[in-house]
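Read off the chains here:
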Amino acid sequence: MPSSTPTAQRPRAPLYLVDASIYVFRAWHSMPDEFQDAQGWPTNAVHGFARFLLDLLERQRPRHIAIAFDEALDNGYRNRLYPAYKANRDPAPEALRRQFVHCKALCAALGLPVMAHHDYEADDLIGSALHAHRSTHHGLIISADKDLSQLLLEQDEQWDFARNVRWDMHGVKGRLGVHAHQVADYLALCGDAVDNIPGITGVGSKSAAVLLAHFGSLDALYERLDEVPFLRLRGAAQMAVRLREQREHALLWRQLTTIALDAPLDGTVSGLLRDEVDPQLLDGLCSTLRFGPLTRRRLFAVAGLGDASAPAPYPTSSEFA
């Protein structure tokens, strides 16, 4: 006779989703420009990214992982919706673009699935991958980007790796003043200067949090807009006028701040399992990028290729490289 006791639900495995671009840009701005490849091009960003990647792989030993890169920096679908989207950023110089290619190649050499798309940002690819694998995984999003907090559900976590700070869906309220599921509406109301999204005139972060605490969502706010003048907010009557006047803008801003969950993954992340290492590619990258003995040894170790302590064939720019 079968037992009437319900079967315990099998815990979902962690799925590591890395927002690579933030760590590439951070290395580009913080690492010394003395690092160069065999052709004399700068490699400071790829050296810094490699160290971040090594720290992550050595500490966590992830089995299910994907590394998301931004290719839609200035020509994605959001730019078609709003041409000024991220227009406040300078175009990436050629020296940095070359290093993004090296960073992707390094991931491929280590057997790490890479996600990139000409029309969707890394955030969208992370959201879509997590959405597609929720039945078997909980998400561990490696990024400091506040936008990504909107993806957090029960058991998910976001990890600012550089500061070693982690939070779950319940921790978003303490960080932004709104719940995880309200983040896109929150950014639509108060704007996001990083992405050049203006928000509603006169609505700051505190006002946006108060509005969403009262109404719950942007849609409910507009359904009950007549209540706004009676809220305990400075300038509430004028705020109601601006919200009414800028309704179409608010809905557009929300399109921009909402992470897509249906971005095409093109079969590149099937199962999101670490793939086989490519020893020849890894060795070639170590030589071309002039990685020092320590970095080279660590890369081969995390790749499971044993002792690779031989020094790089090219002189390095720094002994600790």
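Residues numbered from 1 in each chain as written. Predicted model: local features only at pLDDT ≥ 70, side-chain atom pairs only at ≥ 80, totals over all residues. Heavy atoms only, no water.

> Teacher, can you tell me more about the overall build of the protein here?
When you go through the protein residue by residue, the secondary structure sums to 13 helices and six strands. With the C-alpha coordinates aligned to their principal axes, the bounding extent of the protein is approximately 70 × 70 × 30 Å. Relative to its full complement of 321 residues, the protein shows a buried share of 50%. Nonlocal contacts in the protein, meaning residues at least 24 apart in sequence, comprise 69% of its contacts between residues at least 6 apart. (Helix = DSSP H or I, 4+ residues; strand = E, 2+ residues; numbered from the N terminus. Buried < 20%, exposed > 50% of the residue type's maximum accessible area, 1.4 Å probe, protein only. Contact = heavy atoms within 4.5 Å.)

> What is the right way to read the packing of aromatic side chains from this model?
A ring pair, where both rings are aromatic, is described by two values, the distance of the centres and the angle of the planes. For the structure on display, the rule yields nine aromatic pairs. Aromatic pair F49 and F52: ring centres 5.9 Å apart, planes at 45°, arrangement tilted. Taken together, the residues F49 and F52, both in helix α2 (residues 44-60) and three residues apart, mark about one turn of the helix. On the accessibility criterion, F52 (7% relative accessible area) is buried. (Phe/Tyr/Trp six-rings, centres within 6.5 Å; stacked < 30°, edge-to-face > 60°.)

> I keep staring at the pattern of salt bridges and nothing clicks. Help me out?
Side chains bearing opposite charge may pair, as long as their charged atoms lie close to each other. The tally for this structure, following the rule as stated, stands at 19 salt bridges. D160 is the salt-bridge partner of R163, the closest N and O atoms lying 3.0 Å from each other. Among the residues examined, D160 registers a relative accessible area of 3% and is labelled buried. The partner of E227 in a salt bridge is R224, with the nearest N and O atoms 2.9 Å apart. With relative accessibility at 30%, the residue E227 sits in the partly exposed group. Within this structure, R78, K86, R89, E121, D124 and D195 form a network of salt bridges that share partners. (Salt bridge = Lys/Arg side-chain N within 4 Å of Asp/Glu carboxyl O.)

> When you look at the sheet that holds strand β5 (residues 157-160) in this model, what are you seeing that I'm missing?
Strands pair in a sheet through their backbones, by hydrogen bonds, and they do so in one of two ways: parallel or antiparallel. If you trace the six strands from one edge of the open sheet to the other, you get β3-β2-β1-β4-β5-β6, paired in mixed fashion. The open sheet is flanked by β3 (114-115) and β6 (165-167), the only strands paired with a single partner. Across four bridges, strand β1 (residues 13-19) lies against strand β2 (residues 65-68) in parallel orientation. Residue D19 lies in a different strand from β2, and its bridge partner there is A68. Contacting β1, β2, β4 (137-142) and β5, helix α1 (residues 20-30) crosses the sheet at an angle of about 45° to β1. (Pairing = 2+ DSSP bridges. Axes fitted to C-alpha atoms, helices over the stretch in contact; angles between N-to-C directions.)

> Would you mind showing me how to read the packing of α2 against helix α4 (residues 94-109) here?
The angle between the axes and the distance between the axes are what describe a pair of packed helices. Closest axis-to-axis distance for the α2/α4 pair is 8 Å, and the angle between their directions is 30°. Comparing their axes, α4 and α2 come out roughly parallel. Here α2 and α4 pass one another in a crossing that is right-handed. Where α2 abuts α4, its residues N44, A45, V46, F49, A50 and L53 lie against L96, Q99, H102, C103, L106 and C107. Considering only residue class, the contact of α2 with α4 consists of nine nonpolar, three polar and no charged. (Parallel < 35°, antiparallel > 145°, perpendicular 65-115°, else oblique. Left-handed = near helix turned anticlockwise from the far one by under 90°. Nonpolar A, V, L, I, M, F, W, Y, C, P; charged D, E, K, R; others polar.)

> Before we go on, may I ask you to explain the packing of α2 against helix α13 (residues 293-302) in this structure?
The interhelical angle for the contact between α2 and α13, taken along N-to-C directions, is 40°, at an axis separation of 10 Å. With respect to α13, the element α2 is oriented oblique. Handedness of the crossing formed by α2 with α13: left-handed. On α13, the residues that touch R51, L54, D55, L57 and E58 of α2 are T295, R298, L299 and V302. Tallied by class, the residues present in the contact of α2 with α13 amount to four nonpolar, one polar and four charged.

> Quick question: what am I supposed to make of the environment of L265 here?
The topology assignment puts L265 in the loop between α11 (247-257) and α12 (279-288). Overall, L265 belongs to the buried group, its relative accessible area being 18%. Expressed as a C-alpha distance, the spacing of L265 and I126, which sit 139 residues apart in the sequence, is 9.8 Å. In contact with L265, other than residues within four places in its own chain, are M115, L125, S128 and A129.

> It is not clear to me how α12 should be interpreted in this structure. Could you clarify?
Residues spaced three or four apart along an α-helix face the same direction, because each turn holds 3.6 residues. Residues of α12 that are buried: L282, L285, C286 and S287. Structurally, α12 contributes buried residues whose contacts are with α4 and α13. The first or second residue beyond α12 is R290, which carries a positive phi of 60°.

These values are about where atoms sit, not about what they do.
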